[in-house]
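Architecture and fold: a report
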Amino acid sequence: MASEHLASVMVDAFIAAVDAGLDVVPVVSDSTSTAKIGPFAQRFPERLINVGIAEQSLVSVAAGLALGGKIAATCNAAPFLISRANEQIKVDVCYNQANVKMFGLNAGTSYGPLASTHHSLDDISVMRGFGNVQIFAPADARECRQIVDYALRYHGPVYIRLDGKALPDVHDADYQFVPGQVDILRQGADVSIVALGSVVHEAVDAAALLAEQGIQAQVINLSSIRPLQRDVLLSALSGTRAVISVEEHNINGGVGSLVAEVLAEAALGIPLIRLGIGDGEYAAAGAREPTRALHNIDAAGIVAAATRLR
């Protein structure tokens, strides 16, 4: 599953679930290309619902399907799901504990030059504000498939943040996703790098560069935001001298805030640098690589932050 587009992984999981007898109904908002839903539509045309460019209706229809016994899955761009359908997510899905799986596609700065209207930099913070929705952000195709398989069989609201680019594997073939688990990709006693989604790859690359400088970095893929074994995360962080959080998301409300909460609540006095889109800022419009470099969320930016903590 090397360098596979996560939306394609999602669709393959939908097809396999229906073949296995699950009553899955994807709902799109004219987002058929974004969702790469074509193979599913060809196999099960009667199961795909397209509400048009109407994201609020998208979520409400999905909630109605779920309350009627279906496994509803909304599949559209993360910025429009989060911003346009916020109230429907809160009231129709979360308040009713509806069995809706919400896929935030092309999250972060996946849309690049389309800029702030299409960047999704607050989705984790918004979803963390809704208390009963499980939140996941896979870092590669192997993890993505296992998360989707789990979500379709879990009864209740789920939000899955998916990157818009093909991602290479960071997990071995024997990897097993467990909800809430703290996924440690690399051990190291000098600094912990806690990353979310596609920037996990930047963290892995940064750790390799730091090792050449004699700095041993622990890399934690925080793919399970809720549920989360906070005590396990705290134990992992307490074994290093400093922490860096990295996310293609605003530094407020996402992984950086979560890590800060864990450290503060345990009165663990070790330094923390939060890397992400800064407070009060939008991400720059442009290709992903220079945008990440500008906001210091690429491998070089992580290395520079670790060096400051040395």
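In case you missed it, the structure is sitting above this.
Below is a summary of the structure that appears in this document.

What counts and what doesn't
Residues numbered from 1 in each chain as written. Predicted model: local features only at pLDDT ≥ 70, side-chain atom pairs only at ≥ 80, totals over all residues. Heavy atoms only, no water. Pairing = 2+ DSSP bridges. Helix = DSSP H or I, 4+ residues; strand = E, 2+ residues; numbered from the N terminus. Salt bridge = Lys/Arg side-chain N within 4 Å of Asp/Glu carboxyl O. Buried < 20%, exposed > 50% of the residue type's maximum accessible area, 1.4 Å probe, protein only. Axes fitted to C-alpha atoms, helices over the stretch in contact; angles between N-to-C directions. Contact = heavy atoms within 4.5 Å. Lys, Arg positive; Asp, Glu negative; His and termini not counted. Polar contact = N/O pair within 3.5 Å; in protein donor to acceptor, adjacent residues only side chain to side chain.

Turning to the sheet that holds strand 7 (residues 158-161), a few remarks are in order. If you walk across this open sheet you meet the seven strands as 3-2-4-5-7-6-12, and the pairing is mixed. A single partner strand is all that each edge strand has here, and the edge strands are strand 3 (49-50) and strand 12 (224-226). Pairing of strand 4 (residues 71-77) with strand 5 (residues 100-105) involves six bridges; the strand directions are parallel. Bridge pairing links Ala 72 to Val 100 in strand 5.

Our focus in this paragraph is the pattern of salt bridges. It is possible for side chains of opposite charge to pair when their charged atoms get near one another. Applying the stated criterion across every chain yields a total of 15 salt bridges. For Arg 288, the salt bridge goes to Asp 163, with nearest N and O atoms at 2.9 Å. Separated by 125 residues along the polypeptide, Arg 288 in helix 12 (residues 288-294) and Asp 163 in the loop between strand 7 and strand 8 (166-167) bring together distant segments of the chain. The exposure classification of Arg 288 matches that of Asp 163, with both residues buried. In this structure, Arg 292 engages Glu 248 in a salt bridge whose closest nitrogen and oxygen atoms are separated by 2.6 Å.

The next point concerns the sheet that holds strand 9 (residues 183-186). Strand order in the open sheet made by the five strands is 9-11-10-13-14, with mixed pairing throughout. Of all the strands in the sheet, the pair left with one neighbour each is strand 9 and strand 14 (272-277). The mean inter-strand angle of the sheet, taken between neighbouring strand axes irrespective of direction, is 25°. Where strand 10 (residues 191-195) lies against strand 11 (residues 217-221), five bridges are found, and the strand directions are parallel. Looking at the pairing, Ala 195 lines up with Asn 221 of strand 11. Across the sheet, helix 10 (residues 230-238) lies against strand 9, strand 10, strand 11 and strand 13 (243-250), angled at about 165° from strand 11, the strand it touches most.

Before going further, it helps to examine the side chain of Asp 183. As for its position among the elements, Asp 183 is in strand 9. In this structure Asp 183 is buried but unpaired, with Arg 142 as the nearest side chain of opposite charge at 11 Å. For Asp 183, the side chain forms a polar contact with the side chain of His 171, separated by 2.6 Å. In this structure, Asp 183 is in contact with Glu 143, His 171, Tyr 175, Val 219, Ile 220 and Asn 221, ignoring residues within four places of it in sequence.

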